[in-house]
Amino acid sequence: MELLDHQEFRRQGHMVIDMMADYYRDVEKYPVRSKVEPGYLRRRLPEDAPDQPEAIETILQDVQKHIVPGLTHWQSPNYFAYFPSSGSIAGFLGEILSTGFNVVGFNWMSLPAATELESIVMDWLGKMLNLPESFLFSGNGGGVLQGTTCEAILCTIVASRDKALSRVGVGRDSISKLVVYSSDQTHCALQKAAQIAGIHPNNVRVIPTTKSTDFALSLSQPLYQT
């Protein structure tokens with residue numbers, strides 16, 4: 001097996017881009033929800049990994065034949081669940097750059113440009129949201145970009161947990177005393193994040209909300225446990 005030279009990489013890359021361009025062009029023609037049954041793909045693919053690589057043409061044919069039918073088309077203009085159109089062509093091209101440069105940005109030394117770009121973009125976002133200066137890197141605050149909302153919720157819970165434990169001057173043995181409050185409109189990811197962070201499920205208290213108050217949080221309402 002030979003590694004791709006830059007010309008072959010260019011050729012195959014063009015084929016993948018062409019395939020994705022055609023997909024975006026025709027995405028509204030696909031049924032939003034896949035029509036396949038559970039286990040469909042295992043019946044179509046070999047039981048063992050191939051011994052030899054296949055041509056890109058064959059791979060893309062398999063993707064079109066076996067993978068596309070099993071997709072839920074989140075980018076379809078007919079998709080209205082969860083997070084409609086959660087991606088973009090700009091994001092797709094950005095992923096190519098990030099992956100192509102093999103960005104590993106876990107600290108400044110590992111990749112200075114990625115670390116500094118993230119802090120700049122986070123400040124841009126903070127300013128767009130009119131956050132206080134203390135929330136920005138320029139104000140000794142800052143943040144990070146997370147891959148999903150669930151990751152962000154877990155990071156928030158862990159940070160809040162540690163701050164609460166340090167504020168009351170008790171050790172981690174007192175974690176059982178911590179209570180998490182949330183709206184009854186909050187995604188169940190918060191309950192899962194609290195459990196991962198070591199908060200007992202009985203200590204997750206849900207605050208009922210009403211449409212008449214624009215779903216505002218108020219402790220005047222009786223609490224109930226999850």
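Whatever comes next refers back to the structure up there.
Bear in mind the structure is a predicted one, so any value in this text is a computation, not a measurement. (Residues numbered from 1 in each chain as written. Predicted model: local features only at pLDDT ≥ 70, side-chain atom pairs only at ≥ 80, totals over all residues. Heavy atoms only, no water.)

Draft legend 1. Region of interest: the pattern of salt bridges. Going through the model one piece at a time under the given rule, you end up with 6 salt bridges. In this structure, Arg 11 engages Glu 8 in a salt bridge whose closest nitrogen and oxygen atoms are separated by 2.7 Å. You can see Arg 11 and its partner Glu 8 sitting in helix α1 (residues 6–26), 3 residues apart, about one turn around the helix. You can call Arg 11 partly exposed: its relative accessible area is 35%. Here Glu 57 and Arg 11 are joined by a salt bridge, their closest N and O atoms 2.9 Å apart. Of this pair, Glu 57 sits in helix α3 (residues 56–67) while Arg 11 sits in helix α1, and the two are 46 residues apart along the sequence. Here the residues in one salt-bridge network are Asp 22, Arg 25, Asp 26 and Lys 29, joined through shared partners. (Salt bridge = Lys/Arg side-chain N within 4 Å of Asp/Glu carboxyl O. Helix = DSSP H or I, 4+ residues; strand = E, 2+ residues; numbered from the N terminus. Buried < 20%, exposed > 50% of the residue type's maximum accessible area, 1.4 Å probe, protein only.)

Draft legend 2. Representation of helix α7 (residues 189–196). Ala 189, Leu 190, Ala 193 and Ala 194 are the residues of α7 that are buried. Looking down the long axis of α7, one finds its buried residues gathered within 135° of arc, a one-sided arrangement. Of the exposed residues in α7, those oriented more than 90 degrees away from the buried face are Lys 192, Gln 195 and Ile 196. As for α7, its buried residues are in contact with α6 (149–167), β1 (180–183) and β2 (204–207). Positioned one or two residues after α7, Gly 198 has a phi angle of 95°, which is positive. (Arc of directions from axis to C-beta. Contact = heavy atoms within 4.5 Å.)

Draft legend 3. Region of interest: unusual backbone geometry. For Asn 102, which is not glycine, the phi torsion reads 55° and is therefore positive. Mapped onto the secondary structure, Asn 102 falls in the loop between α4 (89–100) and α5 (112–128). Located in the positive-phi region is Asp 214, a residue other than glycine, with phi close to 55°. If you trace the backbone, Asp 214 turns up in the loop between β2 and β3 (224–225). By relative accessible area, which is 68% here, Asp 214 ends up exposed.

Draft legend 4. Main features of the nonpolar core. Membership of the largest hydrophobic core comes to 14 residues, with the highest contact counts inside it found for Ile 153, Ile 157, Leu 178, Val 180 and Ile 199. When residues of this core are traced back to their parent elements, those giving at least two are α6 and α7. Ignoring sequence-local partners within four residues, the contact set of Val 180 consists of Ile 157, Leu 190, Ala 194, Ile 199, Asn 203, Val 204 and Arg 205. (Core = buried A, V, L, I, M, F, W, Y, C linked by side-chain atoms within 4.5 Å.)

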